[in-house]
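Each chain is listed here by its residues.
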Amino acid sequence: MYMDITTPANRQASYALGYLGHNLGFAVGPLIGSFLFHAAPGWLFWGNALAQILAMILVVTLVPESKPSKEHLEESKVTASTEKAVEGSTLSALRARPLLIAFVAIGILTGFVYAQHRFSLPIQLAGLFGADSGAKLYGSIMTFNAVLVILFSAPLIAFLKRFAPVTNVALAAALYALGFGLCAFIRSPLLFFLSTLLWTTGEIIEATNSQVYVSNHTPMSHRGRFAAILPIIGGSGWALSSPIGGRLLEWGGSRLLWISTAIAALLACGLLILLGKKEPSGKNETAAE
């Protein structure tokens, strides 16, 4: 639906607005959760269920349909836009977009890296500061993460909108390398907040640019199908993060895990820079792929 109701000119700002709304809730969720973790763990699940039911009611009652009309699809076929409607199967449409496939594949690496903040980071904090103090520190860090998103999203978008989305995602990967790599060497709560500042900046940049790149390279006739399939491919990095991260922690502790994570992020950064050199136009707003 975001793809349907936005254009290449306003997508960064539009995706950022949705991202900001998400994080307004995320700013208080982990903080509440960290205190419920021991006091009333059942309400972690009841609270989630009630919030999702409310969200469903709001979508059903307030959000209109956005699917492009047949006339709009036909009109788009005579343009040079990478979003023009195409005939054929999902597989054939994907095959015709090798740059998009490459971008999503690189997203496996960034997904693996970013997901460690939900798996390896709380394990490390519990090991350093104890289960109860570690959980509270992790909740505070996640709240800090959300507050940073709320404060920094607008200025970062304003500054980076002059650059191509793929270039911005490469910068995000570099910040992941710095932020998560720092966790290999720090033991102070204050320095964990500094690490969070770095990788959260990367999170903001990636979240407000990766979907823009995908949207700009998705044919409007296949938006629903691409939106269903591409996250499965890119999301495999999240699926692999826990088993691989767990093995690395088992073999060499948190230092091996975070150094490996930083290397993966730097590899993603390099591949994204190479991908950007293959792009036919600066921001991929209208050029055919």
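Please read these numbers as outputs of a predicted model, since none were measured by experiment.

Participant: Please provide a residue-by-residue account of empty space enclosed by the protein, values included.
Facilitator: Here the structure, examined in full by the defined rule, presents one cavity of 30 Å³ or more. Computed from the structure, the largest cavity encloses a volume of approximately 40 Å³. Q12, L156, I157, L160, I205, T208 and N209 are the residues that line the largest cavity. At three residues, helix α9 (residues 131-160) tops the list of elements feeding residues into the lining of the largest cavity. For the lining of the largest cavity, the residue count by class is four nonpolar, three polar and no charged.

Participant: Which residues make up the nonpolar core, and what are the values?
Facilitator: Core analysis: the biggest nonpolar cluster contains 23 residues, and L100, F103, V166, Y213, L230, L272 and L275 have the highest contact counts within it. When residues of this core are traced back to their parent elements, those giving at least two are α6 (90-95), α7 (98-114), α10 (165-182), α12 (210-216), α13 (223-234) and α14 (236-278). Considering every element that reaches this core, the biggest residue donor is α7, with five residues. Setting aside anything within four residues of it in sequence, one finds L272 in contact with F103, I106, V166, V169, A170 and A173. By size, the runner-up hydrophobic cluster in this structure holds 22 residues, among which are Y114, I141, A184 and L248.

Participant: Break down the confidence of the model for the protein for me, citing the residues and quoting the values.
Facilitator: Looking at the protein, the pLDDT average stands at 90 and 97% of residues meet or exceed 70. When mean pLDDT is taken per element in the protein, α10 scores highest with 97 and helix α3 (residues 29-39) scores lowest with 79. Under a pLDDT of 50 for its full length, residues 282-289 has, in the predicted model, 31 contacts with residues more than four places off or in other chains.

Participant: Requested: an account of the pattern of salt bridges, with residues and values cited.
Facilitator: In this structure the tally under the stated criterion is seven salt bridges. Put simply, D4 and R223 hold a salt bridge, and the shortest N to O gap is 2.8 Å. With D4 in helix α1 (residues 2-5) and R223 in helix α13, this residue pair connects regions lying 219 residues apart in the sequence. D4 gets classed as partly exposed once you look at its relative accessible area, which sits at 23%. For R223, a relative accessible area of 8% corresponds to the buried category. In this structure, D132 engages K136 in a salt bridge whose closest nitrogen and oxygen atoms are separated by 3.7 Å.

Conventions and cut-offs
- Residues numbered from 1 in each chain as written.
- Predicted model: local features only at pLDDT ≥ 70, side-chain atom pairs only at ≥ 80, totals over all residues.
- Heavy atoms only, no water.
- 1 Å grid on protein atoms, 1.4 Å probe; cavity = no way out; pocket = protein on both sides within 12 Å on 5 of 7 lines; lining within 4 Å.
- Points joined across faces, edges and corners; volume = space filled by probe spheres on them.
- Helix = DSSP H or I, 4+ residues; strand = E, 2+ residues; numbered from the N terminus.
- Nonpolar A, V, L, I, M, F, W, Y, C, P; charged D, E, K, R; others polar.
- Core = buried A, V, L, I, M, F, W, Y, C linked by side-chain atoms within 4.5 Å.
- Buried < 20%, exposed > 50% of the residue type's maximum accessible area, 1.4 Å probe, protein only.
- Contact = heavy atoms within 4.5 Å.
- pLDDT = per-residue confidence, 0-100.
- Salt bridge = Lys/Arg side-chain N within 4 Å of Asp/Glu carboxyl O.

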